[in-house]
Amino acid sequence: MVTRRPWVVVALLAVVGVNLRAALGALPPLIDRVGSDLAIGKAAQGLQLSLMVALIGLSAPLGQRIGSRLGLEKAMTAALVVLSAGGLLRLAADSFPLLLGSSLLTGIGMGAAGVLVPGLVARHLPGLVGLATGMFAVGMGLGVAIAAALTLPVTDLLGGWRPALALWGVVAAATAATWAVVVPADGEGPGARVPHGLPWRSRTAWLVVGFSTAAMAAGFTGTTWLSAVLLEHGLGEERAAAFYVLFQLAGVVSMLGLPAVTDRIADLRTLMASALVSQGIGMTLLVAAPAVAAPVAAFLLGLGMGGGTSLTLVLVTRTTRSASEAARLNALVMLLAYPLSATAPVLFGLAHDVSGAFRLGCAAAIGIAVLGLAAVLPLRPHRRLAGLPLAEGA
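My aim in this report is to walk through the structure given alongside it, one point at a time. (Residues numbered from 1 in each chain as written. Predicted model: local features only at pLDDT ≥ 70, side-chain atom pairs only at ≥ 80, totals over all residues. Heavy atoms only, no water.)

A short note on the environment of Val 208
Here Val 208 lies in helix α10 (residues 203-232). Overall, the relative accessible area of 1% leaves Val 208 in the buried class. For the pair Val 208 and Leu 329, spaced 121 residues apart in sequence, the C-alpha separation works out to 8.7 Å. (Helix = DSSP H or I, 4+ residues; strand = E, 2+ residues; numbered from the N terminus. Buried < 20%, exposed > 50% of the residue type's maximum accessible area, 1.4 Å probe, protein only.)

Description of the layout of surface pockets
Approximately 150 Å³ is the volume found for the second largest pocket. In terms of lining residues, the second largest pocket is bounded by 13 residues, among which Ala 266, Arg 318, Arg 380, Pro 381 and His 382 are the most central. Of the residues belonging to the lining of the second largest pocket, the class tally is six nonpolar, two polar and five charged. (1 Å grid on protein atoms, 1.4 Å probe; cavity = no way out; pocket = protein on both sides within 12 Å on 5 of 7 lines; lining within 4 Å. Points joined across faces, edges and corners; volume = space filled by probe spheres on them. Nonpolar A, V, L, I, M, F, W, Y, C, P; charged D, E, K, R; others polar.)

Focus on the packing of helix α2 (residues 31-38) against helix α3 (residues 42-58)
Each pair of packed helices can be described by the angle between their axes along with the distance between the axes. At their nearest, the axes of α2 and α3 sit 10 Å apart, and the two run at 125° to each other. When the interaxial angle is binned, α2 and α3 end up oblique. For α2 against α3, the interelement crossing comes out right-handed. Residues Ile 31, Asp 32 and Gly 35 of α2 lie in contact with α3, whose contacting residues are Lys 42, Gln 45 and Gly 46. (Axes fitted to C-alpha atoms, helices over the stretch in contact; angles between N-to-C directions. Parallel < 35°, antiparallel > 145°, perpendicular 65-115°, else oblique. Left-handed = near helix turned anticlockwise from the far one by under 90°. Contact = heavy atoms within 4.5 Å.)

A word on α2
By the burial criterion, the buried members of α2 are Ile 31, Val 34, Gly 35 and Leu 38. Projected down its long axis, α2 carries its buried residues within an arc of 100°, all on one side. Residues of α2 that are buried in the fold lie against α3, α6 (96-114), α9 (161-182) and α10. (Arc of directions from axis to C-beta.)

Topic: unusual backbone geometry
For Ala 39, which is not a glycine, the phi torsion comes out positive at approximately 55°. Examined against the element boundaries, Ala 39 turns out to sit in the loop between α2 and α3. Positive phi is not limited to glycine here, since His 382 has a value of about 70°. Given the relative accessible area of 59%, His 382 is considered exposed.

Concerning the pattern of salt bridges
Going through the model one piece at a time under the given rule, you end up with three salt bridges. In this structure, the salt-bridge partner of Lys 42 is Asp 32, at a minimum N-O distance of 2.9 Å. Here Lys 42, found in helix α3, pairs with Asp 32, found in helix α2; they are ten residues apart in sequence, far enough to count as distant. The salt bridge partner of Arg 162 is Asp 37, with a shortest N-O separation of 3.1 Å. Taken together, the residues span a long stretch of sequence, with Arg 162 in helix α9 and Asp 37 in helix α2 at a distance of 125 residues. Judged by its relative accessible area of 42%, Asp 37 falls in the partly exposed class. (Salt bridge = Lys/Arg side-chain N within 4 Å of Asp/Glu carboxyl O.)

In structure tokens form, the structure reads like this:
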């Protein structure tokens, strides 16, 4: 069914994208306040974001199943309602278990909603697939940056971190209501089902998972801990928040610019390596000279994060021969790369608890980026998920 209001749906998809990542941007600038208020250590603080990230991947099959039962449109409304509930629960988060519960609901909502978008675009916007998908991706990038920029002012305005975080639950509720009115169910029955037969035995699939995991691990570590690292080195909340916004905006720029570049380049390995090296250099600067090199470090980390995200999406398309193969590979990447990379912020915080400083965690993040290069080198042009002899990497 082609919608009669395509540009309204495109705009609304961008708003949905903002909602699906705002929670990841709102928490890090407040992570020290939350930790002090609830008397929890760095590892427990990192668990909040790690849980949300892990559930983005683990909840993807749940979103597909709900979509097949309710239809894609109603399933999106339901997922946004769950996301809203997770945000609003933070108003009552006077203990670590309640805060953890809010993160759990938020992660489920993000994962279930995100996996529905390709099917919704194909159904309602078949002539605007590239534009709609791009606007959704940009919305996600802006969601983190906008939330990060607004968090501290909103915290001061509303009188605490709980209402500041819960505000995004209100935004998600308004988005759910708008979606239900603007994009009603089309009455054509269930949506796309969960893809089966994931390519577990494909070496190419594991290389894509390896690159994606390394890129996202460094990116999620920066998302969670950049502000805290800068605060520990005496930059102050306002400067740390400003550099965090720079980090997110650099990611958005990278996400916007790289897809156009990849259309003209057959061999993506240089770009992939550059994304990982950029993150490694950014982390190195945080270790060596955080007070002096903070803006450069934030910018490089953001470029690498956005580049890794965009290049993973391109790789899924480049290494598959059909939509069904792409769906299978994308499902494997979500199920493995998100949960695996979600452990990085927790381990980063645990390293701080053990050593009393962030240097050990930064060194580990640099090591992960270096290991990711091992997955880059074999991903030569024209390598495919299936259909090639095993000796050629199928």
